[in-house]
Amino acid sequence: MDGMKIKPIPDELMPLPSAVFHILVSLADVDRHGYAIIQDVTARTGGEVKLGPGTLYRSIQRMLEQDLIVEADTRPAPDADDERRRYYRITPFGRQVARAEAERLSGLVALARARGLLSRKA
Amino acid sequence: MRWYSALLHLYPRSFRVEYGDELIAVFRSRARDARGGRAKVSLWLEVILDTATSAAAAHLDLARQDVRSAARAVRRSPGFSLTVVLVAALGIGATAAAFAVTDHVLLRPLPFSRPERLVKLYQDQSFRGYSRMELSPPNFLDWQRESRAFLGMGAYSSWSSNLLGAGDPVRLDGATVTGSVFAVLGVAPSLGRALTTIDDQPASARALVISHSLWMTQFGGRPDVLGQSVLLDDEAHTIVGVMPPSFNFPSRQTSFWAPLRLTGELLEDRTNWYLNVVARLKDEVSLEQARAEMKGIAAQLALAYPDANARSGATVIELRDEVTRQARLTLWALAGASLCMLLIACTNLASLLLSRTLDRHRELSVRAALGAGRDRLVRQMLTENLLLTAIGGAIGGIAAAAVVPLVTRLVPISLPIADVPALDARLLGICLIVTMGTGLLFGVLPPLKLASSASLDGLKDGARTGVSRATERLRSMLVVGEITASMVLIVCAGLLLQALWRVQGVNPGFQVSGVLTLRTSLPMPKYAATSARQRFYDQVLDEIRTLPGVRHAGYISFLPMVMRGGIWPITVDGQPLDSQNPHTVSLRQISPGFFDALRIPLLRGRDVRDSDRPDSPRVVVVSESFVKRHWPSLDPLGRRVSFAFGELEVVGVVQDIKVRGLERESEPQIYLAAAQFPDNSLLYYSPKDLVVGADGDLQALVLLLRTAVTRADPQVPVSDIRPLSEIVEADMAARVVQVRVLGAFAATAFLLAAVGLHGLLAFSVAARTREIGVRFALGATPAGVMRLVVGRGLLLAACGIGVGLVLAAWAASALQTLLFGVDPRHAGVYAAAIALCLAIAVLGTVLPALRAMRVDLLDAIRAE
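Residues numbered from 1 in each chain as written. Chains lettered and ligands numbered in written order. Predicted model: local features only at pLDDT ≥ 70, side-chain atom pairs only at ≥ 80, totals over all residues.

1. Quick notes on the overall build of chain A
The following threshold applies: In this text, helices come from DSSP runs of H or I with a minimum length of four residues, and strands from runs of E with a minimum of two, each type numbered from the N-terminal end. Remark: C-beta atoms are placed from the backbone, and a residue is labelled buried if 20 or more other C-beta atoms sit within 10 Å of its own, exposed if 12 or fewer do, or partly exposed between those counts.
Tallying secondary structure elements over chain A gives 4 helices and 3 strands in all. The secondary structure elements of chain A, listed N-terminal to C-terminal, are α-β-α-α-β-β-α. Here chain A holds 122 residues, and the buried ones make up 30% of them.

2. A short note on the nonpolar core
Residue and element names in this part refer to chain B. This is how the line gets drawn: Note on terminology: a nonpolar core is a set of buried residues of type Ala, Val, Leu, Ile, Met, Phe, Trp, Tyr or Cys, with members joined through C-beta atoms within 7 Å. By the criterion used throughout, residues are in contact when their C-beta atoms, derived from the backbone, lie within 7 Å.
Residues L489, V491, C492 and A749 are the most contacted members of the largest nonpolar core, which totals 97 residues. The set of elements that each furnish at least two residues to this core consists of α4 (78-107), α10 (325-359), α12 (374-403), α13 (425-453), α14 (469-504), α19 (724-767), α21 (782-814) and α22 (827-853). Leave out the neighbours within four places in its chain, and L489 touches A337, C340, L742, F745, A746 and A749. Core analysis: the second largest hydrophobic core is formed by 59 residues, A597, V619, V650 and V653 among them.

3. A look at unusual backbone geometry
Peptide bonds are, in most cases, trans, and in most cases residues other than glycine have a negative phi. Cis geometry marks the peptide bond from F249 of chain B to P250 of chain B; its omega dihedral reads -5°. Considering the arrangement of structural elements, one finds P250 of chain B in the loop between β8 (235-242) and β9 (256-259). Of note, D67 of chain A is a non-glycine position whose phi angle comes to about 65°, a positive value. Position of D67 of chain A among the secondary structure elements: in the loop between α3 (53-65) and β2 (69-76). Phi is positive for F820 of chain B, which is not a glycine, with a value near 50°. With respect to the helices and strands, F820 of chain B occurs in the loop between α21 and α22.

4. What about the confidence of the model for chain A?
As a general rule, the predicted coordinates of low-pLDDT regions are not to be interpreted in detail. Residue and element names in this part refer to chain A. To keep things clear, this is the line we draw: Per-residue confidence from the predictor is reported as pLDDT, which spans 0 to 100.
Looking at chain A, the pLDDT average stands at 82 and 82% of residues meet or exceed 70. Averaged over each element, pLDDT in chain A is lowest for β2 (82) and highest for helix α1 (residues 18-27) (92). Segment residues 1-6: pLDDT under 50, and 0 contacts once partners within four positions in sequence are set aside and those in other chains are kept.

5. So, helix α7 (residues 212-219) of chain B
Each full turn of the α-helix corresponds to 3.6 residues, which orients residues three or four apart in the same direction. All names here are of chain B. We apply this condition: Starting at the helix axis, one direction is taken to each C-beta atom, and the arc is that of these directions.
Of the positions making up α7, those classed as buried are L214, W215 and Q218. Viewed end-on, α7 has its buried residues packed into an arc of 100°, placing them on one side of the element. Each element contacted by the buried residues of α7 is listed here: β4 (170-177), β6 (207-210), β8 and β9. Two residues or fewer past α7, G220 is found with a positive phi of approximately 60°.

6. Details of the packing of α3 of chain A against helix α3 (residues 37-76) of chain B
Cut-off, in case you're wondering: Helix axes use the C-alpha atoms of the stretch in contact, all axes being lines fitted to C-alpha atoms, and the angles between their N-to-C directions lie in the range 0 to 180 degrees. Working rule for angles: under 35 degrees goes down as roughly parallel, over 145 as roughly antiparallel, 65 to 115 as roughly perpendicular, anything else as oblique.
At their nearest, the axes of α3 of chain A and α3 of chain B sit 7 Å apart, and the two run at 25° to each other. Taken together, the axes of α3 of chain A and α3 of chain B lie roughly parallel to each other. Across the interface between the two elements, P53, G54, T55 and R58 of chain A of α3 of chain A pack against D50, T51, S54, A55, A57 and A58 of chain B of α3 of chain B.

7. Re the interface of chain A and chain B
Keep this limit in mind: Classification used: nonpolar for Ala, Val, Leu, Ile, Met, Phe, Trp, Tyr, Cys and Pro, charged for Asp, Glu, Lys and Arg, polar for all others including Gly.
Contact residues are listed per partner, giving 14 residues for chain A and 16 residues for chain B. The element best represented in the side of chain A that touches chain B is α3 of chain A, accounting for 6 residues. Grouping the constituent residues of the side of chain A that touches chain B by class yields 5 nonpolar, 5 polar and 4 charged.

8. As for the sheet that holds strand β3 (residues 84-90) of chain A
Residues and elements named next belong to chain A. Going by this rule: Between any two strands, at least two bridges found by DSSP are needed for them to pair.
The strand order across the open sheet built from 3 strands is β1-β3-β2, with neighbouring strands paired in antiparallel fashion. Each of the sheet's edge strands pairs with one partner strand only, and the pair in question is β1 (32-33) and β2. In this sheet, β3 lies alongside β1 in antiparallel orientation, the contact comprising 2 bridges. Across the sheet, the residue bridging to R32 is Y88, located in β3.

9. Observations regarding the pairing of strand β14 (residues 567-572) of chain B
Working note: regular strand, side chains alternate between the two faces of the sheet. All names here are of chain B. Pairing between β14 and strand β15 (residues 583-590): 4 bridges, direction antiparallel. The residue of β15 that forms the bridge with I567 is S586. Bridge count between β14 and strand β18 (residues 640-643): 2 bridges; the pairing is antiparallel. Looking across to β18, one finds that V572 is bridged to V641.

10. A short note on the environment of L788 of chain B
Residue and element names in this part refer to chain B. Checked against the element boundaries, L788 lands in helix α21. Residue L788 is classed as partly exposed on the basis of its C-beta count, with 17 C-beta atoms lying within 10 Å. With 16 residues separating them in the primary sequence, L788 and I772 have C-alpha atoms 9.9 Å apart.

11. Let's talk about the confidence of the model for chain B
Looking at chain B as a whole, its pLDDT mean stands at 83, while 91% of the residues score no less than 70. Under a pLDDT of 50 for its full length, residues 458-466 of chain B has, in the predicted model, 16 contacts with residues more than four places off or in other chains.

12. Some words on the packing of helix α2 (residues 34-44) of chain A against α3 of chain A
Residues and elements named next belong to chain A. What counts, and what does not: Note on convention: near helix rotated counterclockwise from far helix by under a right angle means a left-handed crossing. Clockwise means right-handed.
It is at 11 Å that the axes of α2 and α3 come closest, and there the two elements cross at 115°. Between α2 and α3, the angle is such that the two are roughly perpendicular. Judged by the twist between their axes, the crossing of α2 over α3 is right-handed. Taking contact as the criterion, the partners of G34, I37 and I38 in α2 are, on α3, P53, L56 and Y57. A per-class count over the contact of α2 with α3 returns 5 nonpolar, 1 polar and no charged.

See the structure below:
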């Protein structure tokens, strides 16, 4: 890794690819390993978003380079027969980016609502 | 699980190494969670889709990164990058241009329907030196009627004519063709219709088909050109069709096609050989079978008409083969030379990239130590090398496209093709192939080499900067290869230059400078009467001779080196004509003043003069070789020769001129007085070329000459205005182009080889700085160290020269027919080539040797 990299301002990363956003959300509360992220995303979206493993790790690779996440540690996963797994953790910068993306999305929603595209209740 | 592991190979290696285990773990968990056959199937489908898309994206990511960092590296060392790009551009450009021309002339199918089935037919009169003699009309008709091997057979003949009815009168080169010709070639007109056999009938109106370029230039590309009536030599023709631009038959100068009608007296003379014949083989008939059949038919005709046809055979060749051996050889030489260039460029590239890779050995070792995967590093260097070669390839391709029109002199006019090869996908393809080949081969090897050797060695304190013995040997071989190729190119270029000098030294027999020529083609039948022509010539010549600066002016049938034919059998001193072995001469009509204008020395007797009128005895002036052949020890003056319509008395002897061009033997010449020709006979030979010998600026005369012609007859077009020197230069043009192209190649090769040698020695001196320093410390003298470096360079040069000598001798003997009698083992040329190659060695050695002499022990040790 190139430690000298200057942190880009979040706007340059925007809009965030949806896989990246989902991964950030999934890591917001707790460190997870790959399969746990896939399961969490599937569960939270009611099965609508299914991250493929290839897509997941490609996203992870880029997110590591972008300093959105870091590898927390490697430890046995409780659900996987003691197989050692890599755990990922969101960085403060990752949080900043995720927040910015959420605000951008909610701005869009507000806009749609103001124009009557969306009912108040929804 | 094995299947999934296999699937993971779709990812870039670095990604697979990093995340392979994780991916497998995820897959295992999902496989465990997926219960039932349907779930398993859908898991697999998902996984395959997911892997394929994300693997492609991962590759793309990497490539983007590589290109970005390659671009950064290129910017960091602009000098090196520029050198690589230029060298690549040179090699690729030369190869592409040479390929484009060679392909155009020798390889590509002719622009006709199924061109491989098209053949040309000739009478084989090898017994008197003509294996490809044109046919006479009656022989053509017999061949056409008797043969079974062909789907169709057509005859054509060139016809230059004045076109009236579309703007100013213009002189055009065209062809008369039998109606079957278009059907045989199988090319449809782009507008209107082609000629058919119905047009051959004397009763049909005269139809005319015009070329695309004539349509554009004279008729503005208007579609209503069809049905328009024009005058060709005073005969009304109706335009019925326009051919597509690619139709250049029989040559690229042809701009119209008129019906060829073989009737009347044309059918009586079997020695009137002037028809070209093209035919299309039947599908089931081979070329050999057709040859056998035609041989039989020719033998029958020889029996039936022994006077004209005895010993005449038949020659059948593919239309594609209407290329002289010289033209073919020139192109192969060009292709060979360009391959040499490519070879040199490639070895230089390899050498450059290799040294660059080694230069960065330490940097790469550091990066490897910091955790960058080795394959990532190799991949990055590969991208850099490919990027540079690709830029070079693009520039080379553009250069090739720009250069190709300059070598059109190498495209023979005997082929029915355009003068400039169309730049198409093939040229692009060859550029791509050569670029990729060069880039991959020479861009990949060095990094791979590095990968096999790169380790943490580079970091070891004081490690030699990574010059393995094998690498040095490889680079030495590359340099030897460059010198070898330079040697071959220099020798070939030198021999061709010698040949050019020799041709330039040939005396054409006439004064080349200070003569202006132009053509005034007299429309027929208006000028069919000799007296009418004579009035025209007299008026024009009288007026011109009064112009300021004009020394002499005269008319002749055809200019030497422009019209090389016009060869006739002749009898001497009343002996009967020997049809088996007739004495042939180059026959011309002239007006008084022709010899003076060209300063052709009159050796004996007199010139033709104004008093030689139709009613006075017919006279002829012959050339020196004619006298040598017939009356080696007798006085030629007053002797008689006879030709078609009667006896002529020899009144003068002039020096021979090179009618057929500087490089060929010409028949003896005889000159008849134009004024003594009977009306209506041999109109084709009536004088049309005006030669004006003048002092001062020839261009200033042009307008005055035009005015003089227009005053004599405004309907006579003036064309082909050019100095005689231009005609003689055109005769040597192909040779000049050859020498220039090969010379340019040789010069570039020379420079590249010097650069290559310098690069190698400079690098090895740099790498051995410490060794040299130690040598100094141990008492070596600067001269000794210099000997070490120079000796190395000279050794390499000697190897290259040795191998080069053998290859050059071989190449030179292959070129022999192009050398115009210059000995392929010409000692001077080889000596010069050796000297130049040694100069390469000296040039390449000087700087590194000086640097080696200046090595300072303290510096050498401090550098560690």
